[in-house]
Amino acid sequence: MKVFGALLSPFVRKVCVALAEKGMAYELVLSSPGGPDPDFLAASPFGKIPAIKDGDYTLADSTAIVTYMEAKQPSPALLPAEAQARGKAMWFDEFADTIFATSGLKILFNRLVGPRLLKLPYDEAIALQGETELPRILDYLESVAPEQGWLAGEFTLGDISVASMLRSLSYVRHGPDAAKYPKTAAWYGRVTARPAWLAVAELEAPVSERLMPKD
Ligand SMILES: N[C@@H](CCC(=O)N[C@@H](CS)C(=O)NCC(=O)O)C(=O)O
């Protein structure tokens, strides 16, 4: 399976970690939003990352892709069978991809992706706005982060999605803060110690070496 994208993106990292959790082989094809690879554009009708090509089958959107993977290879499950746990897993995935990403990406795009990577117009005022929105989101996360184990009881897509958003924010100095958010930081530590996460982190290492703040 080909995954089009770049590992700085929380959505791309989420798909790669989910594939690694399932032990499914993939090739990461470095792609930026918008193109120009025709295979990527065919897989992602709106030019967003990630997208996949699996044989002749193409699909965009991280949650759609993981849902496809889950049906294709149900074990180990990332979406629980039990109703309440599945509902919570989807909630945390949605929380990460919409509420958290809406604010977090204001910072990531306007401090890193726009100015340093894609050389696109950026606006520090939008980054500052994202920063004012983050505390409510991080306070919520701290209130639901479990003392042990995972966000939805068992380990699910929700853990991967939320941790991946936090990982991307560490590129702009908004990663987990153990002093302020100890339960979140401990849970994040558990997610990022899993072999699947570590395998993707190894792929991401050249990106982090280049772009992570040094102090
Ligand atoms: N809901 C989508 C969001 C994908 C997304 O917005 N990706 C960003 C990169 S982090 C992107 O491609 N942005 C470019 C654009 O919106 O045109 C998913 O989960 O895959």
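Residues numbered from 1 in each chain as written. Predicted model: local features only at pLDDT ≥ 70, side-chain atom pairs only at ≥ 80, totals over all residues. Heavy atoms only, no water.

> Please explain the pattern of salt bridges as it appears in this structure.
Taken as a whole and assessed by the stated rule, the structure comprises 10 salt bridges. Between R111 and E131 there is a salt bridge, with its nearest N and O atoms 3.0 Å apart. Of this pair, R111 sits in helix α4 (residues 83-118) while E131 sits in helix α5 (residues 124-144), and the two are 20 residues apart along the sequence. The partly exposed category is assigned to R111, whose relative accessible area is 25%. Each of R13, R167 and E204 takes part in salt bridges that share partners, so that together they form one network. (Salt bridge = Lys/Arg side-chain N within 4 Å of Asp/Glu carboxyl O. Helix = DSSP H or I, 4+ residues; strand = E, 2+ residues; numbered from the N terminus. Buried < 20%, exposed > 50% of the residue type's maximum accessible area, 1.4 Å probe, protein only.)

> I'm lost on a positive patch on the surface in this one. Help?
Taken together, R116, K119, R210 and K214 make up a surface patch of like positive charges. Topologically, R116 is positioned in helix α4. (Patch = residues over 30% accessible without salt bridge, like charges linked within 9 Å, V, L, I, M, F, W, Y side chains within 5 Å. Areas by Shrake-Rupley, 256 points an atom, 1.4 Å probe, with all protein chains shown as cover. Lys, Arg positive; Asp, Glu negative; His and termini not counted. Charge placed at Lys NZ, Arg CZ, Asp CG, Glu CD.)

> What is the right way to look at the sheet that holds strand β2 (residues 27-30) in this model?
Pairing between the strands of a sheet comes from backbone hydrogen bonds, and it takes one of two forms, parallel or antiparallel. The mixed open sheet is built from four strands, whose spatial order is β2-β1-β3-β4. Looking at which strands have only one partner, the edges of the open sheet turn out to be β2 and β4 (57-60). Strand after strand, the sheet turns through a mean of 20 degrees between neighbouring axes, direction not considered. As paired elements, strand β1 (residues 2-5) and β2 share four bridges and run parallel to each other. Across the sheet, residue K2 finds its bridge partner in β2, namely E27. Helix α1 (residues 10-22) contacts β1 and β2 of the sheet and is inclined by roughly 160 degrees relative to β1. (Pairing = 2+ DSSP bridges. Axes fitted to C-alpha atoms, helices over the stretch in contact; angles between N-to-C directions. Contact = heavy atoms within 4.5 Å.)

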